[in-house]
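Coordinate inspection notes
Given next are the chains, with one letter for each unit.
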Amino acid sequence: MDCVALCRLDELGEGQSRGFDPRGRGADSLFALRHQGQVRVYRNLCPHLSVPLEYRKDRFLSADGQWVVCYAHGARFRPGDGACVHGPCRGEVLPALQHREADGWLLLPLAQLDA
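Here's what I pulled together on the structure shown here. Please read all numbers here as calculations on a predicted model, not as lab measurements.

**Some points on the overall build of the protein chain**
Across its full length, the protein chain holds 0 helices and 10 strands. Expected size for 115 residues packed as a compact globule is a radius of gyration near 13 Å; at 13 Å, the protein chain falls within 12% of this value. Expressed along its principal axes, the backbone C-alpha trace of the protein chain runs to roughly 40 × 30 × 25 Å. Here the protein chain, with 115 residues, has 38% of them falling under the buried criterion.

**Some remarks on unusual backbone geometry**
Positive phi values are uncommon outside glycine, yet Asp58 reaches one of about 65°. Structurally, Asp58 is set in the loop between β4 (38–43) and β5 (68–69). Positive phi is not limited to glycine here, since Asp103 has a value of about 50°. Within the secondary structure, Asp103 sits in the loop between β9 (100–102) and β10 (105–109).

**Points about the packing of aromatic side chains**
When we look at a pair of aromatic rings, we describe it by the centre distance and by the angle of the planes. In the structure shown here, the tally under the stated rule is 3 aromatic pairs. Ring plane angle 40° and centroid distance 5.8 Å describe the contact between Phe31 and Tyr42, whose orientation is recorded as tilted. Here Phe31, found in strand β3 (residues 30–35), pairs with Tyr42, found in strand β4; they are 11 residues apart in sequence, far enough to count as distant. Relative accessible area serves as the criterion here: at 2%, Tyr42 is assigned to the buried category. With centroids separated by 4.3 Å and ring planes inclined at 5°, the aromatic side chains of Phe31 and Phe60 adopt a geometry described as stacked. With Phe31 in strand β3 and Phe60 in the loop between β4 and β5, the pair connects residues that are 29 residues apart, well separated along the chain. With relative accessibility at 0%, the residue Phe31 sits in the buried group. The rings of Phe31, Tyr42 and Phe60 are connected pair by pair, giving a single aromatic cluster. One residue, Arg76, lies across the ring of Trp67, its end atom 5.3 Å from the ring centre.

**Notes on the environment of Gly13**
The residue Gly13 is located in the loop between β1 (3–8) and β2 (17–20) in this model. Separated by 50 residues in sequence, Gly13 and Ala63 have C-alpha atoms that sit 14 Å apart.

**Observations concerning the pattern of salt bridges**
In total, this model carries 5 salt bridges according to the counting rule given. Asp28 serves as the salt-bridge partner of Lys57, at 2.7 Å between the closest nitrogen and oxygen. Pair noted here: Lys57 is in the loop between β4 and β5 and Asp28 is in the loop between β2 and β3, with a separation of 29 residues, a long-range link. On the accessibility criterion, Asp28 (15% relative accessible area) is buried.

Cut-off values and rules
- All residue numbers refer to position in the chain's written sequence, counted from 1.
- It should be noted that, the model being predicted, local features are given only for residues of pLDDT at least 70 and side-chain atom pairs only at 80 or more, the latter also being counted only at that level, while totals for whole chains, interfaces and linings use all residues.
- Hydrogens are left out, water is left out, and the side-chain values use all remaining heavy atoms of the structure.
- Starting at the N terminus, helices and strands are each numbered in turn, a helix being any DSSP run of H or I of at least four residues and a strand any DSSP run of E of at least two.
- We compute the radius of gyration from the C-alpha atoms alone; for a globule the expected value is 2.2 Å times N to the 0.38, where N is the number of residues.
- Note on classification: 1.4 Å probe, protein chains only; a residue is buried when its accessible area is under 20% of the maximum for its type, exposed when over 50%, partly exposed between these limits.
- Working definition: a ring pair exists when centres of Phe, Tyr or Trp rings (six-membered ring for Trp) sit within 6.5 Å. Plane angles under 30 degrees give stacked, over 60 give edge-to-face, the rest tilted.
- Two conditions define a charge sitting above a ring: the NZ of Lys or the CZ of Arg must be within 6 Å of the ring centre, and it must be within 35 degrees of the ring normal.
- A side-chain nitrogen of Lys or Arg and a carboxyl oxygen of Asp or Glu constitute a salt bridge if their distance falls within 4 Å.

Structural data, given as structure tokens:
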């Protein structure tokens, strides 16, 4: 399976998030976070109005690192499963992407980039 390397796993600390533009289109189309020791990868797309979540580079999480926040609408999502628990898209879920962790790297299968 062909994959793209997003970052080294040690570059993604607990309670941190990072955006990625694996197709080089000038905007982060997905982001990864580490919450309670688990790494998750989501599309950078609020289900409310299909807008990017972050207000500046790599700012997908609340200040305390406990929520994914859509800064356009104030929606809050659980980091572990992407479920919206507060805001206009309550009950909807961030689109999650499958990933691999190998040799210290966070890898994303290329087939998911265009899905």
